Amino acid sequence: MVSSPCGPAKGGRRHGITRAGAVRRVDRQPVRLTRRGRRIRGALVSTALAGALVVLPALVPSTGVASPDRGVGRSHVVVRPGDSIWSVAVRHAPDRDPSVTVEEVRRLNHLPGYVVHPGQRLRLP
């Protein structure tokens with residue numbers, strides 16, 4: 001007996017194609033991962049999550065200040081490259097003693113020292 005391509009094959013298995021040429025549904029068992037496969041999958045998921053935690057915060061725009069300024073008459077200034085607290089104090093209040101203004105700026109911004117960085121936002125008295 002000669003079997004056709006659509007008939008029984010070796011071992012009594014059937015192909016996924018019927019005589020009319022239509023593909024019939026072949027029931028398959030779900031893939032089972034080995035211990036090594038589960039470890040690799042876990043490592044890939046962990047790497048993807050860690051990458052997302054690193055990349056996503058960089059994509060979200062930052063407001064720069066956690067709480068709004070509630071003082072009346074107070075303003076803010078963004079430190080420019082080459083600025084110091086002294087230069088900010090002189091520029092903001094040229095008619096006042098800069099050392100007093102510097103200490104007020106340090107107190108308002110909870111600065112431990114006299115170092116400021118470009119892009120830093122400072123509250124002014």
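The structure under discussion appears in the preceding block.
Residues numbered from 1 in each chain as written. Predicted model: local features only at pLDDT ≥ 70, side-chain atom pairs only at ≥ 80, totals over all residues. Heavy atoms only, no water.

Visitor: Please clarify how the packing of aromatic side chains should be interpreted in this entry.
Guide: For any pair of aromatic rings, the description consists of the separation of the ring centres together with the inter-plane angle of the planes. Across all of its chains, the model carries zero aromatic pairs by this definition. Here R106 stacks its cationic end above the ring of Y114, 4.2 Å away from the centre of that ring. (Phe/Tyr/Trp six-rings, centres within 6.5 Å; stacked < 30°, edge-to-face > 60°. Lys NZ or Arg CZ within 6 Å of the ring centre and 35° of its normal.)

Visitor: What should I look at first to understand the pairing of strand β2 (residues 121–124) in this one?
Guide: The side-chain alternation of β2 yields one buried face, formed by L122 and L124, and one unburied face, formed by R121 and R123. Examined bridge by bridge, strand β1 (residues 75–78) and β2 share four bridges and lie antiparallel to one another. Across the sheet, the residue bridging to H76 is R123, located in β2. (Buried < 20%, exposed > 50% of the residue type's maximum accessible area, 1.4 Å probe, protein only. Helix = DSSP H or I, 4+ residues; strand = E, 2+ residues; numbered from the N terminus. Pairing = 2+ DSSP bridges.)

Visitor: What exactly am I supposed to notice about helix α3 (residues 98–109) here?
Guide: One full turn of an α-helix is made of 3.6 residues, so residues set three or four places apart face in the same direction. For α3, which comprises twelve residues, the first-to-last C-alpha distance of 16 Å matches the rise-based estimate of 16 Å (1.5 Å per residue) to within 8%. The complete set of buried residues in α3 reads P98, T101, V102, E104, V105, R106, L108 and N109. Taken from the residues just after α3, H110 is the one with a positive phi, measuring 55 degrees. (Expected span 1.5 Å × (residues − 1).)

Visitor: What exactly am I supposed to notice about the pattern of salt bridges here?
Guide: Close approach of charged atoms allows side chains with opposite charge to pair. Within the structure shown, the criterion is met by four salt bridges. For R80, the salt bridge is made with D83, and the minimal N-O distance between the two is 3.8 Å. Using a relative accessible area of 46% as the deciding quantity, one classes R80 as partly exposed. What makes D83 buried here is its relative accessible area of 15%. Overlapping salt bridges bring together R80, D83 and R91 as one network. (Salt bridge = Lys/Arg side-chain N within 4 Å of Asp/Glu carboxyl O.)

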